[in-house]
Amino acid sequence: MTKDEIIEVIKVIIEDNLDDISAGDIDPRKSMKDYGANSLDIIEVVSCSMRELSIKVPRAELAELQNIEALADKFLEYKNA
Amino acid sequence: MPDNILNFSLADFFFNDNPDVLGAPADFEEWMAHPAVQKGFSFYEQVLLDAPRVSTKILSNLDGREHRIINLTSYNYLGLSTHPEVIAASKAALDKYGLGSSGAPLLSGTLDIHVEFARKLAEFKKKEDCLLYSSGLGANVGAIQGIMRKGDYLIMDEKCHKSLVDGGTLSGAKMLFFDHNDMDSLQMMLEKAKGKRTLVVVEGVYSMDGDLPKLPEILDLCDAYNAGSYIDEAHSTLIFGENGRGVAEHFGVEDRIGVSFGTLSKSFGGVGGFVCASKSLIRYLKGYSSAWNFSCAPSPAVTGGLMMALEVATRDSSLRDLLWANVSYMKERLDGMGLDLGGSESQVIPIIIGPSGEKLMGYAGAMQKRGLFLQPVDFPAVPAHARRFRISVSSQLSREEMDETLNIIEDVIVKGVL
């Protein structure tokens, strides 16, 4: 799986979970917070994405990630492990 | 389960894929069964064999034996849970009313001591009225759920307690979190909520950091955006302010606070919670705050003791003075050891260890073996890079107990004697 494919998965899940945002408008260089996500929304998006990708990344490794792209990098690391 | 099993935490098993709805996730069971994880969890749910005083006895999970320990984990800040006058008042109420209230407050559960205690709390907090709840968590969940509705905006400091978050979730209101004590971030959230019914929620003392909110600035922003204010004074009531009324008194802004919440399980030494506000809001909450109107009224035995706890803590400042003297003594010496105490401004003093869970648990075990009961606070309760111990200073601490505590902390955390 490529990083771009992972980003697409995350984008669709963000669209499903946040109000007034469509996947096509999401810039992966931004943080989910920039699109109005609160910490509970982020937990939901991350959990749904991991379920979709069949991976399990410890939350402790996600806390410092700054944007959607960094999240995709971390997911890719686990997907390819 | 992967090799990095120790990087996982309770934050990783909330979502459950087990087809058996009554089963825990399979990987959760596997994780919990790992010896290192079990060792970490062995610090929790250790059983106290005596009252939660500073000097008490536990049945240690580490060796299965009874030990006398210095307890700096309980929230008995003023020692009121075992104060002789509080116990006598509780016994008198037990003799008169029995163990339970036997009813929801709206029907038959309201006793005269509930009315009297609520009135005294309202007077103490300088509000028109007060609602008593059987649980502190229930009071926050119930009050927020009773006030907020779908379409409203609830803006909370990111470090607010889970009970406030749960109340928000239950209410259906849109929740926004601002960066801890960051006024620019709060203003940004208020901008997003502009024109909507908005409530700003902060705490008096943040329970994992021991710092205070920037209350005057927060209230200025609430005024500018026509937002209501709600303060959770769980760890600050009876402790802050000239008369112990809390952080709002400390900052001189009591009249600007919309809702003042307090818990009865910490400095009060009992159990329960209360919400003080205008008469009209309290009357409204009686109809819509489920944790109040669908829950049995507080135990009269507890209420009788709590009423005396309020009397003892406010008849003069002696207990508060003792507490603050102990806080100064401890902080000065901990600071002198070069420990990271975060931004603590209160009787809650974190000792921040850093990212290593292994180090945290190693220190916890070594300190407990030396007779100091100081619970480790791990991720996700605190950020993964800032795992810590959290000292709850009590007025009950003697100079000898503080010196012994400081010796143990210095040997274990500073010198690394494990």
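Analysis parameters
Residues numbered from 1 in each chain as written. Chains lettered and ligands numbered in written order. Predicted model: local features only at pLDDT ≥ 70, side-chain atom pairs only at ≥ 80, totals over all residues. Helix = DSSP H or I, 4+ residues; strand = E, 2+ residues; numbered from the N terminus. Rg over C-alpha atoms; globule rule 2.2 N^0.38 Å. Buried ≥ 20, exposed ≤ 12 C-beta atoms within 10 Å, placed from the backbone. Contact = placed C-beta atoms within 7 Å. Domains from an automatic or database assignment. Nonpolar A, V, L, I, M, F, W, Y, C, P; charged D, E, K, R; others polar. Pairing = 2+ DSSP bridges. Axes fitted to C-alpha atoms, helices over the stretch in contact; angles between N-to-C directions. Parallel < 35°, antiparallel > 145°, perpendicular 65-115°, else oblique. Left-handed = near helix turned anticlockwise from the far one by under 90°.

Peer 1: What is the right way to look at the overall build of chain B in this model?
Peer 2: For chain B, the count of helices and strands is 16 helices and 14 strands. Taken over C-alpha atoms, the radius of gyration comes to 22 Å for chain B, in line with the 22 Å a tight globule of 418 residues would show. With 418 residues in all, chain B has 48% of them scored as buried. Intrachain contacts of chain B at a sequence separation of at least 6 include 70% that bridge at least 24 residues.

Peer 1: Just checking my understanding: could you explain the domain arrangement of chain B for this structure?
Peer 2: All names here are of chain B. What the domain assignment lists for chain B is domain 1 (35-71 + 318-414) and domain 2 (82-315). The gap between the C-alpha centroids of domain 1 and domain 2 is 27 Å. The partner domain 2 presents 12 residues to the 18 residues of domain 1 that form the contact. Here the side of domain 1 that touches domain 2 is composed, by residue class, of nine nonpolar, five polar and four charged.

Peer 1: Is there a simple way to think about the sheet that holds strand β4 (residues 129-133) of chain B in this case?
Peer 2: Sheet strands pair via backbone hydrogen bonds, and the direction of the pair is either parallel or antiparallel. All names here are of chain B. Here we have seven strands laid out as an open sheet, ordered β4-β10-β9-β8-β7-β5-β6, and mixed in their pairing. At either end of the open sheet lies a strand with only one pairing partner, and these are β4 and β6 (174-178). Between one strand and the next, the sheet's axes are offset by a mean angle of 20°, whatever the strand orientation. In the sheet, β4 pairs with strand β10 (residues 273-277) via five bridges, with the strands oriented antiparallel. Each residue of the ladder has a partner; that of Leu132, found in β10, is Phe274.

Peer 1: How do you make sense of the packing of helix α1 (residues 3-17) of chain A against helix α2 (residues 39-53) of chain A when you look at a structure like this?
Peer 2: Geometrically, a packed helix pair is captured by the angle between its two axes and the distance between the axes. Residue and element names in this part refer to chain A. Look at α1 against α2: their axes get within 9 Å of each other, and the N-to-C directions meet at 135°. Viewed along their axes, α1 and α2 adopt a mutual orientation that is oblique. Here α1 and α2 pass one another in a crossing that is right-handed. In this structure, α1 contributes Ile6, Val9, Ile10, Ile13, Ile14 and Asn17 to the contact, and α2 contributes Asp41, Glu44, Val45, Cys48, Ser49, Glu52 and Leu53. Considering only residue class, the contact of α1 with α2 consists of eight nonpolar, two polar and three charged.

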